[in-house]
Every structure is written in structure tokens, then in C-alpha cells.
Amino acid sequence: MATNDIQNLLKSGVAAAKAGNKQSARLILEQVLELDDNSETAWMWYAMVVETVREKRICLENVLEINPNNQRAREALLRLEPPPSSSSVKPPPPPAAPLPPPRPQSSSDSSFVPRHAAPNVPVRRRSRILTLPFIVAGALAIGLIVLGVYLLLNPSILQPTPPPNGTPIETSIAAVPAVAGQITPSVVQPTLTAGPTLTPFGIVETLDPTRATDLPTITPSPSFTPNTPLPPTETLPPPNTYAFLFVRETKNVQPRNIYSIKGDGTGQQSILGNGAAPVFDIALASDRRIAYITWVDDKPQLFVAGPDGQNGKQITEMKGDNVSSPTWSPNGTQIAFASNDTGNNEIYIVNADGSGLTTLTDNKANNRDPAWSPVGNQIAFASDMNGANSLQIFVVILGDKNPRQISTSTGDNYSPAWSPTGSTLAFVSTRDRYENVYIMNGNGQNPHMLTYGNGSAVSRNPMWSPDGRYIAFSSNRGNNVFNLYLTTPDGKAVIPLTKNTDAAINSYSPRFLPGN
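Numbers given to residues run from 1 along each chain, matching the order in which its sequence is written. Only residues with pLDDT of at least 70 get local features here, since the model is predicted, and only at 80 or more are side-chain atom pairs given and counted; chain-wide, interface and lining totals rely on the full set of residues. Heavy atoms from the whole structure form the basis of all side-chain values; hydrogens and water molecules are not counted.

### With respect to the pairing of strand β22 (residues 483–487)
Working step 1: With a 1.4 Å probe rolled over the protein chains alone, any residue whose accessible area is under 20% of its type maximum counts as buried; one over 50% counts as exposed, and the rest are partly exposed. Helical segments are the DSSP runs of H or I of at least four residues, strand segments are the runs of E of at least two, and each set is numbered from the N terminus. Most of β22 sits out of view: 5 of its 5 residues are buried.
Working step 2: Every second residue of β22 is oriented toward a common face, with N483, Y485 and T487 on one face and L484 and L486 on the other, all of them buried.
Working step 3: Strand pairing requires that DSSP identify at least two bridges connecting the strands. In this sheet, β22 lies alongside strand β21 (residues 471–475) in antiparallel orientation, the contact comprising 5 bridges. Following the sheet pairing, S474 is matched in β22 by L484.
Working step 4: Sheet topology places β22 next to strand β23 (residues 494–496); 3 bridges connect them, and they run antiparallel. Within β23, the position partnered with Y485 by the bridge is P496.
Working step 5: Joining the antiparallel neighbours β22 and β23 is a turn of 6 residues, in which G491 adopts a positive phi near 75°.

This is the structure we're talking about:
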């Protein structure tokens, strides 16, 4: 079957799962896995529609064999009950030991374990669900007989053996968190690695110690190297070192406007907007000029204003109903943006005074979210030009017009944002079902989730600080209201910038003011 047909079948299965039709979803997803048992998305969704803990465990373990960095699969697996013991007599578990990091898959590795079978997929792999009661009962009976004979011949085995160092047996059993359960038979390591503590200069939203994402087993792989290595906690600049512009929306009261705010959450004030038309999608030049989008005669257009938001000048006359995502060239002379001026979303470049409008893409695909590299000679953007019906990140060198795809995951990947040196990209991806902020090398290697432990919340609009120490983003985590946050490049600390709890007020698209 063609790849597109498998993708369409997968989409049907996912749609059935979302609609709550588990039986239909199982049947469809089983067909997908028969055709492609390497489908990470199919295994993830199959885990959500099977009935038993054991079935869910098999599916989630398969996801992690395909992609050891799938944080949502790890979280889901850790919330399951521990795997059942094969013996009716359960000896005390050994002391917990740190789990090794995920190993790269290799079919030539002698210790490589083939993927488990889906509970109802015909046998092609090592493990499958045994649903025949007499097989289970027979195996249990044989086990009990063997165990009984062994205990009769070795009565001393029933005597408790004190653990090392004279610790009483009752206290030697590792305390397993409420989310216990692992892909290995060892006990979950109870000693957690906390994120950086930034209390001296801001309120830190610390990680929940019961979440699997705090465990050493799911930290970035050894090959992952952030663009700017995270310095020791005590050398991190305090958030009040920075200042931001952002879009603030008050529903049913006023349209979207541009606000400024200090890094400690104080000094919030409107600097652009407050009229009848919304103002949104802002970008800042190195000299703090502001590019933004607002409506003129029922059409969105690109404007440029001074650092204080005054003297805004319209620089485009696009005919479509979409103008979005402006991004300045490093030297401040040009702006790239997306528009459907010709009926199809393409990337355009225009001089800051409105002259010299040209197209960067012309491929009849959905092209969006341009991000100009600090190096100056390339632009990253999102597009579905590969025909897979999903957005992926592409990079094009100016003057070349042959974009190179650098993301290849399932789901959609979009909103790229370059680090200050241009060697790393932050972006948004739905590869693990929900919108989360990720980071990867500029060539697409070593992708890693930053906003992990976020449940079903949405995280969007990543933007690097000028010094590369933080990434700002917007999210509805916590109270389903969009607020602004800072995170470190390793994702271990999250600092709220705004703390609004009113569902009618949302903040998004944070932009660091240059020079801060």
C-alpha cells in the first residue's frame, strides 16, 4: 500500500479515537500497524484505545523503542501500574538503581529486543497478548507446582534476609511514586533531579517531583548539545534583566494590542493599538523598530513603526485575507512575511520602506512562519510542500530557492525561531499529540522537547533571548489562560512572566526587546 494510503488510514483511526469510537479505532489502527509497525503515531494512539494495562504497556514500550525521546509515552507508561510479577510469592524488591538512558536502536546489536506485537495484530514479533484463559491458568498452575517443590527443598528461602547495612526490611523497599511503572523490570528511581532554582530573581514554576519528566532516564540524549550551553544556575541573568513586547487580547472588550512588560512581570502597558482594528504578529528590528500587522479596508497589511510604537507606516497592499509572521533581516533593511496574496500562502520579502516586494517561495503549498537567520543568508519556514499533509520545517538559502527539509517527524512542525548564533532552532511540534516547544540543531538533528510535563496544555510562539540564555513562549498551562513564560534551554525551569487568571484576557507572541 502507498505511503499516502497508510497516512489516510492512520488519520481515520486517529479521528475515530478522538470521537471516542474505540472499537473502530482499534480495527483501523491494527491495519495501519500491519502495514507499518514503525508508525510511532499509530502505536501511541493504539495505546489510548486498548482496554487493559498490559496492552497499554506493550504499545507504549513500542513507541519508546521507535523513539526513546517520546516524553508523552514515558509519562503515560510511568502512570501505569507496575508490571505484574510472574510468581505468586513476591520477594522484597531490590533497592532502586538509576535507569540507563535510552539506547539507540540497532538491528545489528545482539541485545536489541524486537518490538512487541499489538494486542490483536497477528504474530510477527516477540510478544503478544494471550487471551485464552486456560493457557493462563495452566501456566500459573505449573508455576505454583514448581515453586512449591522448590520451597520444600529449600525451607530457608522463606526466612527474610536483612538487606545490606542492616536496614530493616520494611524500610529497604524503594518508595515508588504514584506514577510508578517502567519499561524495565527495575524499580523506579525515587531520587529525582530537580531543575535549576532561580528564586533569588523571580518566581520559579518548579517541576512536579512526581512527574516522570524529572527522572534522569528522560533527560536529553548525550548527543544533544544546546546552541548556548546552559551556565551554572548562579550565573543566569535574572529575568528582570530583560524587557518584552507581546500581544494582549481582551475578549469582548477591545481587539488585540501590543503591550510592553518588564522581565519581572511589572510595568505592563499598552504601546500600540487601542483602536478599532486589532494589532498582532509583531517583530522587532535590532534598532527596536516594530513591524506588525493590522487591518486596512478589511485586509491585513504590514506596518512599520518606531521603537515607541508611534508613526506607523503601511508598507504592503496585499490582496489576500492573510498577512502574518513578519521577521526582520539582521541588518534591518528587509522584512519577510507570509501572505496568500495570490490565493496560496507563500513567503514574501519586502524592503522596510515598502519597495522591492518579491516572493521567496512559489510552490502552491501552505508556506508560513518565516524566521530570518541571524547569519543573514537563510530563512527557515514551515510548509507542507513534501505532500505528506503535515507541516515540516524547511531552510532556504537566499538566492537559491531550493528549500531543504530539516524536520521529518509525524504531526506538524512550525513557528521556527533561530538562536542568536543561528546554529539552533526552537519550534513548535505536535509530534507528541499536543503543541509543545522543541529545540533542534540548525540541520534538524537532535530534536528535544522543552515544555515537557505540560499535560494537554498548549505551548506556542518560542523566541530566544538575545544572549541565548532563555526562550520565551506563551502557554495556557495551569488555568487554560494564555500567559507568557521563560524557560532555560534545557527546559528544566519555567518562570511565569504574566500571571493572569481571567479567561477573557490572553497574552502571546513574546518578543525580547533588543539590548536587554
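Back to the text.
### Describing helix α5 (residues 71–79)
Working step 1: Burial within α5 is extensive, with 7 of its 9 residues counted as buried.
Working step 2: All of the buried residues in α5 are Q71, R72, A73, R74, E75, L77 and L78.
Working step 3: Any pair of residues with heavy atoms lying within 4.5 Å of one another is described as a contacting pair. On the buried face of α5, the contacting elements are α3 (40–49), α4 (53–66), β18 (436–441) and β19 (448–449).
Working step 4: Contacts described as polar in this section are N or O atom pairs within 3.5 Å, which, within protein, must combine one atom able to donate a hydrogen with one able to accept it, while residues neighboring in sequence count only if both atoms come from side chains. For α5, the side-chain oxygen to backbone nitrogen distance between the N-cap and R72 is 3.2 Å, and the N-cap itself is N70.

### So, the sheet that holds strand β10 (residues 346–351)
Working step 1: Spatially, 4 strands are ordered β8-β9-β10-β11 in an open sheet, and the strand pairing comes out antiparallel. At either end of the open sheet lies a strand with only one pairing partner, and these are β8 (323–328) and β11 (358–359).
Working step 2: Examined bridge by bridge, strand β9 (residues 334–339) and β10 share 6 bridges and lie antiparallel to one another. Opposite F337, over in β10, you have Y348 as the bridge partner.

### Quick look at the environment of G515
Working step 1: On the secondary structure map, G515 appears in the segment after β24 (505–512).
Working step 2: Residue classification places G515 among the exposed positions, given a relative accessible area of 78%.
Working step 3: Through-space distance from the C-alpha of G515 to that of R288 is 8.9 Å; in sequence the pair is 227 residues apart.

### A closer look at the nonpolar core
Working step 1: The term nonpolar core refers to a set of buried residues drawn from Ala, Val, Leu, Ile, Met, Phe, Trp, Tyr and Cys, joined through side-chain atoms within 4.5 Å. Grouped together as the largest cluster of nonpolar side chains are 27 residues, with contacts concentrated most on L29, Y46 and L60.
Working step 2: For this core, the secondary-structure elements that each account for two or more residues are α1 (3–18), α2 (22–35), α3, α4 and α5.
Working step 3: When residues of this core are assigned to their parent elements, the largest contribution, 7 residues, is made by α3.

### A short note on the pattern of salt bridges
Working step 1: Salt bridges are identified by distance alone: a Lys or Arg side-chain nitrogen within 4 Å of an Asp or Glu carboxyl oxygen. Counting across every chain of the model gives 5 salt bridges.
Working step 2: Among the ionic pairs, D287 bridges to R289, the shortest N-O distance being 2.8 Å.
Working step 3: D369 is the salt-bridge partner of R368, the closest N and O atoms lying 2.9 Å from each other.

### With respect to the packing of aromatic side chains
Working step 1: Each Phe, Tyr or Trp ring, with Trp reduced to its six-membered ring, pairs with another whose centre is within 6.5 Å; inter-plane angles below 30 degrees give stacked pairs, above 60 give edge-to-face pairs, and intermediate values give tilted ones. By the definition in use, this model includes 10 aromatic pairs.
Working step 2: Ring geometry for Y292 versus F303: centroids 5.5 Å apart, planes at 20°, classification stacked. Here Y292, found in strand β5 (residues 290–296), pairs with F303, found in strand β6 (residues 299–305); they are 11 residues apart in sequence, far enough to count as distant.
Working step 3: In this structure F303 comes out as buried when scored by relative accessible area, which is 11%.
Working step 4: Where F473 meets Y485, the ring centres are 5.6 Å apart and the plane angle is 20°; that geometry is what we call stacked.

So far we have only geometry, and geometry alone does not tell us how the molecule works.
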